[in-house]
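Letter by letter, the chains look like this.
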Amino acid sequence: LITRAFRSQFVIPDFQDFIKDIEEMYWTAKSITDGKVASYIPQLARANSDNWGVSVCTIDGQRFSIGDVTVPFTLQSCSKPLTYAMALETLGPDVVHQYVGTEPSGRNFNELVLDHNMKPHNPMINAGAILVCSLLKSLDKPEMTLAEKFDYVMSFFSRLAGNEVLGFNNAVFLSEREAADRNYALGFYMREHKCYPDKTNLRECMDFYFQCCSMEANCDIMSIMAATLANGGICPITDEKVLRPDSVRNVLSLMHSCGMYDYSGQFAFKVGLPAKSGVSGAMLIVVPNVMGICTWSPPLDPLGNSCRGLQFCEELIKRFNFHKY
Ligand code: DON
């Protein structure tokens, strides 16, 4: 890092100027009062609407954070690209995509619908993510107990985040499981259509999905994960090769087309960056080969995306030419 600094070889050489823009954008978005905190899971309804944080981590490890960046939130659907990445690493894309498609669903994230092949449309919606949870296994130990699977995912997520330690919110997990009629319906609907690999224990699979949604991190931590994705799978903080480049490419492709709920097409049009949002108000945004960003603000628009997060992304693209096209 220091050598690069002396040689001015950073991917964003004028980082101080860049930070000034991020700060302005942060304060502009802070004044937004639109949106509603998700309430379909009672514990999520307790989130504080004022919380707003933005963290940036470049692929060469320059970092900047502003606002509520150390307050923990649950990953919710931001866990979906990460569990998908893990499945790709161990099973490869051919096996994973025997079970789950790569097409945007054009529907809400939890709709009771499968694609023409009677598979979930993609790994970024609930049905697809539940399916991915049933596939997950480690190379060292293909048959894992639920407890081992939990530890395996926690430590994998941690490696994506430069060995930062994630938390787990048990109250959200319990609340999530209590309020899960739709997810159970999806789970059984997929079992009816023989979507799962043989021997899948559906109850354990659902619990595992709720646990992944209930893992906790903060903006600082999640920006490192996004930066690992921006950096072809090598964590910029530890230099560890966590994901293969082809896994990262697949993850980013589906974040680009399916990551922002039923707003994904418009987001791809306006912002042109791979991103994933979750109902806790978090957004993972990847600027490939440049940086990872995490924004967090609980109030959501009617489609489920964070209002401040969206405004931030649109402003980012106005100020910098990060749109892919
Ligand atoms: O399955 C649920 O209801 C939520 N916990 C999923 C979270 C989420 O962010 C929605 N995403 N696709």
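Located above this text is the structure these notes cover.
1. Digging into the sheet that holds strand S7 (residues 282-287)
Line of reasoning, step 1. Overall, antiparallel pairing links the five strands, which are arranged S2-S1-S8-S7-S6 in an open sheet. Whereas interior strands pair on both sides, the edge strands pair on one side only; in this sheet they are strand S2 (63-67) and strand S6 (275-277). For this sheet, the mean angle separating the axes of adjacent strands, direction not counted, is 10°.
Line of reasoning, step 2. Relative to S7, S6 is paired through three bridges, and the arrangement is antiparallel. Looking at the pairing, alanine 275 lines up with isoleucine 285 of S7.

2. Details of the sheet that holds strand S3 (residues 73-74)
Line of reasoning, step 1. Sheet architecture is open: three strands sit in the order S3-S5-S4, paired in antiparallel fashion. Unpaired on one side and paired on the other, S3 and strand S4 (167-168) mark the two borders of the sheet.
Line of reasoning, step 2. Pairing analysis gives two bridges linking S4 to strand S5 (residues 215-217), with the strands arranged antiparallel. Bridging across to S5, phenylalanine 168 finds its partner in methionine 215.
Line of reasoning, step 3. Contacting S3, S4 and S5, helix H8 (residues 202-214) runs over the sheet at an angle of about 15° to S5.

3. As for the side chain of serine 306
Line of reasoning, step 1. Mapping serine 306 onto the fold places it in the loop between strand S8 (291-296) and helix H12 (307-319).
Line of reasoning, step 2. Residue serine 306 is classed as buried on the basis of its relative accessible area, which comes to 1%.
Line of reasoning, step 3. Polar side-chain contacts of serine 306 include one of 3.1 Å to the backbone nitrogen of glycine 309.
Line of reasoning, step 4. In contact with serine 306, other than residues within four places in its own chain, are Gly281, Ser297, Pro299 and Leu300.

4. So, the nonpolar core
Line of reasoning, step 1. Counting 73 residues, the largest nonpolar core has Phe157 and Met222 as its most contacted members.
Line of reasoning, step 2. For this core, the element with the highest residue contribution is helix H9 (residues 219-230), accounting for nine residues.
Line of reasoning, step 3. When sequence neighbours within four positions are dropped, the list of residues in contact with phenylalanine 157 reads Leu75, Ser79, Leu82, Thr83, Met86, Leu166, Met215 and Met225.

So, how was this worked out
- Residues numbered from 1 in each chain as written.
- Predicted model: local features only at pLDDT ≥ 70, side-chain atom pairs only at ≥ 80, totals over all residues.
- Heavy atoms only, no water.
- Pairing = 2+ DSSP bridges.
- Helix = DSSP H or I, 4+ residues; strand = E, 2+ residues; numbered from the N terminus.
- Axes fitted to C-alpha atoms, helices over the stretch in contact; angles between N-to-C directions.
- Contact = heavy atoms within 4.5 Å.
- Buried < 20%, exposed > 50% of the residue type's maximum accessible area, 1.4 Å probe, protein only.
- Polar contact = N/O pair within 3.5 Å; in protein donor to acceptor, adjacent residues only side chain to side chain.
- Core = buried A, V, L, I, M, F, W, Y, C linked by side-chain atoms within 4.5 Å.

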